[in-house]
Amino acid sequence: MAGPPRFPDLSPVELVGRIERAPKAELHVHIEGTLEPELAFAIGRRNDIALPYESPGAMRQAYAFSDLQSFLDIYYAAAAVLRTEEDFFEMAWAYLQKAQADNVVRAEIFFDPQTHTARGVAFETVVQGLGRALERARRELGISAALIMCFLRHLSEREAFETLEQAEPFGDAFLGVGLDSGERGNPPEKFRGVFARCRRLGLHVVAHAGEEGPPASIIGALDALGAERIDHGVRCLEDPGVVTRLVRERIPLTVCPLSNVKLRVFERLADHSLPRLLAAGLRASVHSDDPAYFSGYVNHNLVESCTALRLTTSDAYTLLRNSLESSFLEPSEIARHVERLNGVFGT
Ligand code: HPA
Ligand code: ZN
């Protein structure tokens, strides 16, 4: 089988231009993680819900995290301003405009319904607000976007089943399910039953694994949940057997380099394992996770990673192509976008 095309290295400035112009898929973004402090304050004022910060600037200053949990505490607290369908619409519409500026042609967007239903917001309010923004993005921005409903792994499987029951009448509103929140102490096996039901319903399955959790949690996501993609997965390199399996089965890893640095998975971006993932033949792509908190959307993640890790032009192309090919789009759609990507890289 022919490998991906190889390219002579472009100058750094030229490479940045190609990355920015390239069509790409955003496959790992949490919509609640796109809520910028300015919008959080505006929505909070409208709903008479105070944030525990003096100003958007003070809120941003609090974004110094020691690990995943220290981030999640702030992230769930900020989401408390979201109440009405309009709030969810505005948050998603603001994100999708940024995505278009980054030449995102496909966005498969996580949402955390349990964060909202626990506060008394109706499931319907969340999906209708988000859905309206996605529909407008398709019409006005030319972005194909879809939702992936995540279960919070710090909650019980029973609660995940209850959420799935609430979601079933809106089954057309999302294309798959995922698993997020604190990985430590919450292995994939805890959710075996509810993911089996999701698969029977014909939903795609993805799961966060191997971010803070060990390589065994990646195997759990594949075997206990039937995950088709692994979100993060960067700790796979600690177990060569896991790497071999991920390569053999061509399992995509949606890697979020700036998130990994902010949450201290790697001390510095220059230490990130992305080049080693690519060298091992893993199907990695680059995404933004919670861009309002981790100081950058997808293009920023790509450009900063290429610079700090001295990635080659071929590496950058591979990451972009993997993003498109790892999406749940129809093969003909993927082929159309890859052709455009090839045009940008001059193949
Ligand atoms: N990991 C787990 N859960 C999350 C994340 C993450 O990086 N971002 C938002 N929820
Ligand atoms: Zn994530």
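Residues numbered from 1 in each chain as written. Chains lettered and ligands numbered in written order. Predicted model: local features only at pLDDT ≥ 70, side-chain atom pairs only at ≥ 80, totals over all residues. Heavy atoms only, no water.

Draft legend 1. Structural view of the coordination of the zinc ion (ligand 2). Protein-derived ligands of the zinc ion (ligand 2) are H28 (NE2), H30 (NE2), H208 (NE2) and D289 (OD), with the metal-ligand distances lying across 2.1 to 2.2 Å. Relative to the metal, the 4 donor atoms surrounding the zinc ion (ligand 2) lie at angles of 83 to 176°, and the coordination shape comes out irregular. Residue class for D289 comes out buried when judged on its relative accessible area of 2%. (Donors = N, O, S within 2.8 Å, 3.2 Å for Na, K, Ca; no water. Tetrahedral: all angles 85-135°; square planar, octahedral: opposite > 155°, others 65-115°. Buried < 20%, exposed > 50% of the residue type's maximum accessible area, 1.4 Å probe, protein only.)

Draft legend 2. Main features of the state of the cysteines. One pass over the full model with this rule turns up 0 disulfides. Lacking any disulfide linkage, C198 is separated from the closest cysteine sulfur, that of C150, by 11 Å. (Disulfide = S-S within 2.5 Å.)

Draft legend 3. Fine view of the pattern of salt bridges. Going through the model one piece at a time under the given rule, you end up with 22 salt bridges. Note that E86 and R132 form a salt bridge whose closest N and O atoms lie 3.1 Å from each other. Note that E86 is positioned in helix 5 (residues 85–101) and R132 in helix 7 (residues 123–141), a separation of 46 residues in sequence. Residues E325 and R321 are paired through a salt bridge, measuring 2.9 Å at the closest nitrogen-oxygen approach. Within this pair, E325 and its partner R321 are both found in helix 15 (residues 313–325), separated by 4 residues, close to a single helical turn. Classification of E325 as partly exposed rests on a relative accessible area of 26%. In this structure R321 comes out as partly exposed when scored by relative accessible area, which is 24%. Connected via shared salt-bridge partners are D223, R245, R248 and E249. (Salt bridge = Lys/Arg side-chain N within 4 Å of Asp/Glu carboxyl O. Helix = DSSP H or I, 4+ residues; strand = E, 2+ residues; numbered from the N terminus.)

Draft legend 4. Main features of the site of ligand 1. All residues in the neighbourhood of ligand 1 are listed as H30, L68, F71, L72, Y75, D180, S181, H208, E211, H232, D289 and D290. S181 is positioned with one of its backbone polar atoms (N or O) 2.8 Å from a nitrogen atom of ligand 1. Residue H232 places a side-chain N or O atom 3.3 Å away from an oxygen atom belonging to ligand 1. With 4 residues, helix 4 (residues 68–78) is the largest single contributor of residues to the shell around ligand 1. When the residues that make up the shell around ligand 1 are grouped by side-chain class, the tally is 4 nonpolar, 4 polar and 4 charged. (Near = heavy atom within 4 Å. Polar contact = N/O pair within 3.5 Å; in protein donor to acceptor, adjacent residues only side chain to side chain. Nonpolar A, V, L, I, M, F, W, Y, C, P; charged D, E, K, R; others polar.)

Draft legend 5. Here's a closer look at the environment of K98. Its location among the elements puts K98 in helix 5. On the accessibility criterion, K98 (31% relative accessible area) is partly exposed. Separated by 200 residues in sequence, K98 and V298 place their C-alpha atoms 9.5 Å apart. The contact partners of K98, leaving out residues within four places of it in the chain, are E36 and Y297. (Contact = heavy atoms within 4.5 Å.)

Distances and angles like these do not, on their own, reveal function.
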